[in-house]
Amino acid sequence: MKTISKCLVFVLAASLLVSCQRDVYMFTSFREPANEGLRYLYSHDGYHWDSIPGVFLKPELGDQKIMRDPSMIRGKDGVYHLVWTIAWQGGAGIGYASSKDLIHFDDKRIVPVMAHEPDVVNVWAPELFYDDDEDHFVIIWASTIPFRFKKGVEEERNNHRMYYTTTKDFQSFTPTKLFLDPGFSVIDAVIVKRANKDYALVVKDNTRPNLNLRVAFGNSALGPFENISEPYTDYKTEGPSVIKIGDRWVIYFDSYGRKSYSAVRTKDFKNFEKIDQEISVPEGHKHGTIFKASKKDLKRLLK
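Residues numbered from 1 in each chain as written. Predicted model: local features only at pLDDT ≥ 70, side-chain atom pairs only at ≥ 80, totals over all residues. Heavy atoms only, no water.

Visitor: Quick question: what am I supposed to make of the sheet that holds strand S1 (residues 23-29) here?
Guide: Whether parallel or antiparallel, the strands of a sheet pair through hydrogen bonds between backbone atoms. An order of S3-S2-S1-S19 is seen for the 4 strands of this open sheet, with the pairing classed as antiparallel. Here the strands that pair on one side only, and so sit at the sheet edges, are strand S3 (50-57) and strand S19 (290-294). For this sheet the average axis-to-axis angle between neighbouring strands, irrespective of direction, equals 35 degrees. Pairing analysis gives 4 bridges linking strand S2 (residues 38-43) to S3, with the strands arranged antiparallel. Across the sheet, the residue bridging to Tyr-40 is Ile-52, located in S3. Strands S1, S2, S3 and S19 of the sheet are contacted by helix H2 (residues 295-302), whose axis makes an angle of about 90 degrees with S19. (Pairing = 2+ DSSP bridges. Helix = DSSP H or I, 4+ residues; strand = E, 2+ residues; numbered from the N terminus. Axes fitted to C-alpha atoms, helices over the stretch in contact; angles between N-to-C directions. Contact = heavy atoms within 4.5 Å.)

Next comes the structure, spelled out in C-alpha cells:
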C-alpha cells in the first residue's frame, strides 16, 4: 500500500506541475502568398504543433501589403512585440506592432531601419532577440546593397548581409550597423544564448550552391560571430527557429525544396540529429519564430 501511495503522490505532483506551468510554446506563422496576415501555432511539448484558427493581424503596412517572416517576443512587462517583412523588394523598413493579448495590436507602423541607404534592394526576415546582458532588444535582418561587398557567386541584387539595430522601448532605435559579413550571401539569422558569453548564430547560406543552414559562434549577442560550420541541413532549407527542450536545442526550419517543415536536435551545435519523425507541424505553415506565451493568452486565442 505504501508503494501505491507513493506512486499516486508522484503522479499527482507531476500532474500539478504540468498544470501549474504558466507558459506554452507559440509559433508565429503565415501562408503563401503572404497577403492574409499573422497566424499562430501552439504546442505544449515543443514537438507537436496545432494551428489556431484565424488571422490575427492583417498586413496593412507598405505598398505591397504583405506579411512574411513574422517574429515575436514577449517583454518583461508581458507585452508582445512583433516585426515582419513588408515587401519582397523596395521599401527600406520593417513592420512593427505590439499587443498585450496576441489578438489586439497597437502602434502599427514601419520602422525605417534602412532609410539611410538609398540603394538598398530589400529588408528581409527581421528577427527579435532580447539581450539580458544589456537589457535591450536586438533586431537583425538581411539586406542587399549592390556593390557594397566583394562579388561572390551571387549577382549584386542577391548579395545579402545581415544588419542590426537595438532598442529598449521600440520607440527609439540605435543607428543601423552591419551585423554579419561572412564573405558570402546570408539571410534568416537567429541569435541563441547558450550560456554567459556563449552565443550561437543559426544562419542560412543563401548562395546558389548551398541554400542551407550553418552555425557560427560568438561571445556576445552582437558577435562577432566566427567559426562558421559546414552546412547541416539539406539543399533549399531556410527560416530557422530555435528552442531549448530539456538539455537539448531543437532547430526548426522550412524545407521549402521538399515543401515540408523539418527539425534537428543538438546539444553542442556541432552534432545534429534529424528528428522529422518526432515532430508534427500543420501543412502550409511558413517561416515564423517560436516564443513563449501564457496559458491565459492561449485560452483566449482558442475561443
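Visitor: Which parts of the structure should I look at to understand H2?
Guide: Given 3.6 residues to a turn, an α-helix orients residues that are three or four positions apart in the same direction. All buried positions along H2 are accounted for by Asp-297, Leu-298 and Leu-301. Axial view of H2: buried residues confined to an arc of 100 degrees, hence all on one face. Seen from the open side of H2, the exposed residues pointing more than 90 degrees away from its buried face are Lys-296 and Lys-299. (Buried < 20%, exposed > 50% of the residue type's maximum accessible area, 1.4 Å probe, protein only. Arc of directions from axis to C-beta.)

Visitor: Just checking my understanding: could you explain the packing of aromatic side chains for this structure?
Guide: Scanning the model with the defined rule gives 16 aromatic pairs in all. When the centroid spacing of 6.0 Å and the interplanar angle of 90 degrees are considered together, the rings of Phe-27 and Tyr-261 count as edge-to-face. You can see Phe-27 sitting in strand S1 and its partner Tyr-261 sitting in strand S17 (residues 260-266), a full 234 residues away along the chain. For Phe-27, a relative accessible area of 0% puts it in the buried group. Between Phe-179 and Phe-225, the ring centres sit 5.7 Å apart and the planes meet at 50 degrees, which makes this aromatic pair tilted. In this pair, Phe-179 is assigned in strand S11 (residues 177-180) and Phe-225 in the loop between strand S14 (212-218) and strand S15 (238-245), connecting sequence segments 46 residues apart. Assigned by exposure class, Phe-179 and Phe-225 land together as buried. Members of the aromatic cluster, joined through ring pairs, are Tyr-96, Tyr-130, Phe-137, Phe-170 and Phe-173. The ring of Phe-149 carries Arg-161 above its face, with NZ or CZ at 4.7 Å from the centroid. (Phe/Tyr/Trp six-rings, centres within 6.5 Å; stacked < 30°, edge-to-face > 60°. Lys NZ or Arg CZ within 6 Å of the ring centre and 35° of its normal.)

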